[in-house]
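A structural walkthrough
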Amino acid sequence: MKATKYVVTSPDSDVLPSDIALKIYELGREINVKETCFGVIIDGEEEDVEATVKEIRAMDESNIFIKDRGFPPGDPRRCRGHRGGGARPGFYMMQHESEILPLISRGLASEARGEEVPPEIGTKKRPSLKRLEEMVEEEFS
């Protein structure tokens, strides 16, 4: 069965998409590789893709992330060339996810070093109706 995955690098990573593509080529597996601005898209038989993903993640475990993709590269249902241009569906979500990856990377790296996890941030409770009325009276009296 075929599988397609994104291999996304954190902006803080020293590993470039071209480094990942080169590593995949060196492995010699039957995998299609397409470099993107976020990393690479890989496509091939599921067992080959899974084995490749494990080796790629070992390059920089805290800064390389894997995401499933529903369509292979060049699929006419998603390819901009077949749809008349514009952003690929999902591009803006991938762009947003990419912006928060440095935070996730730092958390993973600190966990790998055995650092204590910071305490959870308490959520703010909404004031009761009575307290809200008191606040309004204080403000406008």
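One can find the structure itself at the top, above this paragraph.
Because the structure is a prediction, the values reported are computed rather than measured.

Quick notes on the rules
- Residues numbered from 1 in each chain as written.
- Predicted model: local features only at pLDDT ≥ 70, side-chain atom pairs only at ≥ 80, totals over all residues.
- Heavy atoms only, no water.
- Axes fitted to C-alpha atoms, helices over the stretch in contact; angles between N-to-C directions.
- Helix = DSSP H or I, 4+ residues; strand = E, 2+ residues; numbered from the N terminus.
- Parallel < 35°, antiparallel > 145°, perpendicular 65-115°, else oblique.
- Left-handed = near helix turned anticlockwise from the far one by under 90°.
- Contact = heavy atoms within 4.5 Å.
- Nonpolar A, V, L, I, M, F, W, Y, C, P; charged D, E, K, R; others polar.
- Pairing = 2+ DSSP bridges.

**Details of the packing of helix α1 (residues 17-27) against helix α2 (residues 46-57)**
Between α1 and α2, whose axes approach to 10 Å, the crossing angle comes to 130°. One element, α1, and the other, α2, form an angle in the oblique class. Of the two elements, α1 crosses α2, and the hand of that crossing is right-handed. For the pair α1 and α2, the contacting residues are Ile20, Lys23, Ile24 and Leu27 in the first and Thr52, Glu55 and Ile56 in the second. Residues that form the contact of α1 with α2 fall into these classes: 4 nonpolar, 1 polar and 2 charged.

**Quick notes on the sheet that holds strand β3 (residues 39-45)**
In spatial order, the strands read β2-β3-β1-β4; together these 4 strands make up an open sheet with antiparallel pairing. With partners counted over all chains shown, the strands left at the sheet margins are β2 (31-35) and β4 (64-68), one partner each. Across the sheet, the mean angle separating the axes of adjacent strands is 25° when strand polarity is ignored. Note: strand β1 (residues 2-9) against β4, 5 bridges, orientation antiparallel. Within β4, the residue paired with Tyr6 across the bridge is Lys67. Here α1 sits on the sheet in contact with β1, β2, β3 and β4, set at roughly 165° to β2. The sheet strands contacting α2 are β1, β2, β3 and β4, and the helix crosses β3 at an angle near 145°.

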